[in-house]
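# Commentary on secondary and tertiary structure
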Amino acid sequence: MTRLKDIAEHVGVSISTVSRVIQNDPTRNVKSETKRKIWKAVKELGYIPNQNARNLVANNHQKKKSRTMKIGWVADPKLAEFYPYFSSVYAGISEGLTKADYALVNIYKEELQNEATLHKAIHESDIEGLILIDNIDDSILEYIMKFLPVVGVDFNYTDKDMTVIDFDREAAVRTAVNHLIQLGHEEIGFIGGGIEGNLYDEKRYKGFRHAMEEAKLEIQSHWVFNTGWALKESYNSMNRLLKENPHRLPTAMICASDMLAIAAMRAVVENGMRIPEDIAFIGVDNIEMSQYSSPPLTTIDIPKYEIGEMAAKVMMDQVEGKIKLPIKMIVPYKLIIREST
């Protein structure tokens, strides 16, 4: 097992300097380059700063002598608070773990982006596994996976060598586009959110683009909006489109979430237009609110609670050694047709 002394000798500094860096001690300044070298050595040599954590790793391939029954989850707290999709996923995770007497510990994304707090979160929080809803850097993910089983509940992790529970976002939006085409729509716009500001790499947009290309329908760039997942921006974008070019409008809009759709629909109604007679709308998620919008929203139903529940079950199976290899689980979705189309 790697010791502080090993890190110090590897970097060529004193043991006390290594200790100050790892403990994030602000009382003595350490050069940033020295810090970088120390943290690099920590990762390369596999140093674990906490004795309890060292014991857990030492017993990793044996039956654990003691269990903490704690599972961490990484998600922006605002997601569950403001977006019904994530609150349903969270409910599935939380209730699934609670039924089996596990506790869910919130790990903030910011904790993982700082070297010192990353080590504290992974090695001193007593968690036995980690469920990821928010996206984290590849280098951080690789480090965490050396010590903990990880389950991703997000498309960002689909292509990685890890367990993932998700739905096929491209296929879901293809279904939405094909539904509109079957109704006779050819001039279709898109409202989405993007990944870190980039809409065109987001899978729901890719599904829209591919479905339009397959149908040989042209995508009008001024009918495509990147809202950053902000409801206000969805409303404002739709409002600007209706006011600036009222004689050249799409006949239907695909929205990457129900919340974005409902916000854009409000702009249509406020501008004296009818849904679906003037512009039809379809969303993705099937949150509870979508059946009470005016008119009720056609949407793609995603089994949100079940995604969370499955994530909890698979995580417990990994922690308990029942599953040894990473698995990919893609849950089914279905089209729910309502009055907005």
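Structure first, text after, so check above.
Fair warning: this is a prediction, and the values are worked out from it, not measured in the lab. (Residues numbered from 1 in each chain as written. Predicted model: local features only at pLDDT ≥ 70, side-chain atom pairs only at ≥ 80, totals over all residues. Heavy atoms only, no water.)

## Details of the pairing of strand β5 (residues 163-167)
- Most of β5 sits out of view: five of its five residues are buried.
- A two-sided burial pattern is seen for β5, the buried positions comprising T163, I165 and F167 on one face and V164 and D166 on the other.
- Note: strand β4 (residues 150-152) against β5, two bridges, orientation parallel. When the sheet's bridge partners are listed, V151 is paired in β5 with T163.
- Alignment of β5 against strand β11 (residues 328-331), held across four bridges, turns out to be parallel. Within the sheet, the bridge partner assigned to V164 lies in β11 and is K328. (Buried < 20%, exposed > 50% of the residue type's maximum accessible area, 1.4 Å probe, protein only. Helix = DSSP H or I, 4+ residues; strand = E, 2+ residues; numbered from the N terminus. Pairing = 2+ DSSP bridges.)

## Quick word on the packing of helix α8 (residues 115-123) against helix α9 (residues 138-145)
- Look at α8 against α9: their axes get within 11 Å of each other, and the N-to-C directions meet at 35°. At the point where α8 passes α9, the crossing takes the right-handed sense. Together, L118, H119, I122 and H123 of α8 and I140, Y143 and I144 of α9 make up the contact between the two elements.
- Of the residues contributing to the contact of α8 with α9, the split by class is five nonpolar, two polar and no charged. (Axes fitted to C-alpha atoms, helices over the stretch in contact; angles between N-to-C directions. Left-handed = near helix turned anticlockwise from the far one by under 90°. Contact = heavy atoms within 4.5 Å. Nonpolar A, V, L, I, M, F, W, Y, C, P; charged D, E, K, R; others polar.)

## Describing the environment of I165
- By the secondary structure assignment, I165 is in strand β5.
- The spacing of I165 and D154 is 11 residues in sequence and 7.1 Å in space, taken between C-alpha atoms.
- Once residues within four sequence positions are removed from consideration, I165 is found in contact with V151, G152, V153, D154, I307, M310, A311, V314, M329 and V331.

## Observations concerning the pattern of salt bridges
- The tally for this structure, following the rule as stated, stands at 13 salt bridges.
- Between D317 and K313 there is a salt bridge, with its nearest N and O atoms 2.7 Å apart. On the criterion of helical spacing, the pair formed by D317 and K313 is a turn pair, its members being four residues apart in helix α14 (residues 304-319).
- Accessibility expressed as a relative area gives 10% for D317, which makes it buried. (Salt bridge = Lys/Arg side-chain N within 4 Å of Asp/Glu carboxyl O.)

## Remarks on the sheet that holds strand β10 (residues 298-301)
- Reading across from one edge, β7-β6-β8-β9-β10-β12 is the order of the six strands in this open sheet, with mixed pairing throughout. Across the chains shown, the open sheet's two edge strands, defined by having one partner strand only, are β7 (224-226) and β12 (334-336). Between one strand and the next, the sheet's axes are offset by a mean angle of 15°, whatever the strand orientation.
- Relative to β10, strand β9 (residues 280-285) is paired through four bridges, and the arrangement is parallel. Looking at β10, one finds that D285 is bridged to D301.
- Across the sheet, helix α11 (residues 203-214) is in contact with β6 (188-192), β7 and β8 (252-255); its angle to β6 comes to roughly 170°.

## Let's talk about the environment of H10
- Relative to the helices and strands, H10 is located in helix α1 (residues 4-11).
- Spatially, the C-alpha atom of H10 lies 9.2 Å from that of L45, the residues being 35 residues apart in sequence.
- What H10 contacts, discounting residues up to four positions off in sequence, is A41, E44 and L45.

## Things to note about the nonpolar core
- Core analysis: the biggest nonpolar cluster contains 44 residues, and F208 and I254 have the highest contact counts within it.
- Sequence-distant contacts of I254, that is, excluding residues within four places in its chain, are made with V173, A176, V177, L180, I188, G189, F190, I191, F208 and I282.
- By size, the runner-up hydrophobic cluster in this structure holds 22 residues, among which are Y235, M238, I262 and A267. (Core = buried A, V, L, I, M, F, W, Y, C linked by side-chain atoms within 4.5 Å.)

## A few points about the sheet that holds strand β1 (residues 70-74)
- Pairing is parallel across the open sheet formed by six strands, whose spatial order is β2-β1-β3-β4-β5-β11. One side of each edge strand has no neighbouring strand; the edge strands of this open sheet are β2 (103-107) and β11. The average undirected angle you get between the axes of adjacent strands in this sheet is 20°.

## With respect to the environment of V164
- Mapping V164 onto the fold places it in strand β5.
- On the basis of relative accessibility, which here comes to 1%, the residue V164 falls in the buried class.
- Taking the C-alpha atoms as reference, V164 lies 25 Å from K120; in sequence the two are 44 residues apart.
- The residues contacting V164, other than those within four sequence positions of it, are G152, D154, Y157, T158, I327, K328 and M329.

## Digging into the packing of aromatic side chains
- By the definition in use, this model includes seven aromatic pairs.
- Ring geometry for F190 against Y205: centres 5.4 Å apart, planes inclined by 75°, an arrangement best described as edge-to-face. Highlighted residues: F190 in strand β6 and Y205 in helix α11, separated in sequence by 15 residues. The exposure classification of F190 matches that of Y205, with both residues buried.
- Each member of the aromatic cluster is reached from another via a ring pair, and the members are F190, Y200, Y205 and F208. (Phe/Tyr/Trp six-rings, centres within 6.5 Å; stacked < 30°, edge-to-face > 60°.)

## Section: unusual backbone geometry
- A cis amide bond links I275 to the next residue, P276, at an omega of 10°.
- Of note, P276 is situated in the loop between α13 (258-270) and β9.
- Going from S294 to P295, the amide bond is cis rather than trans, its omega being -5°.
- Looking at the element boundaries, P295 is found in the loop between β9 and β10.
- With phi around 70°, D101 is a residue other than glycine that occupies positive phi space.
- Judged by its relative accessible area of 61%, D101 is exposed.

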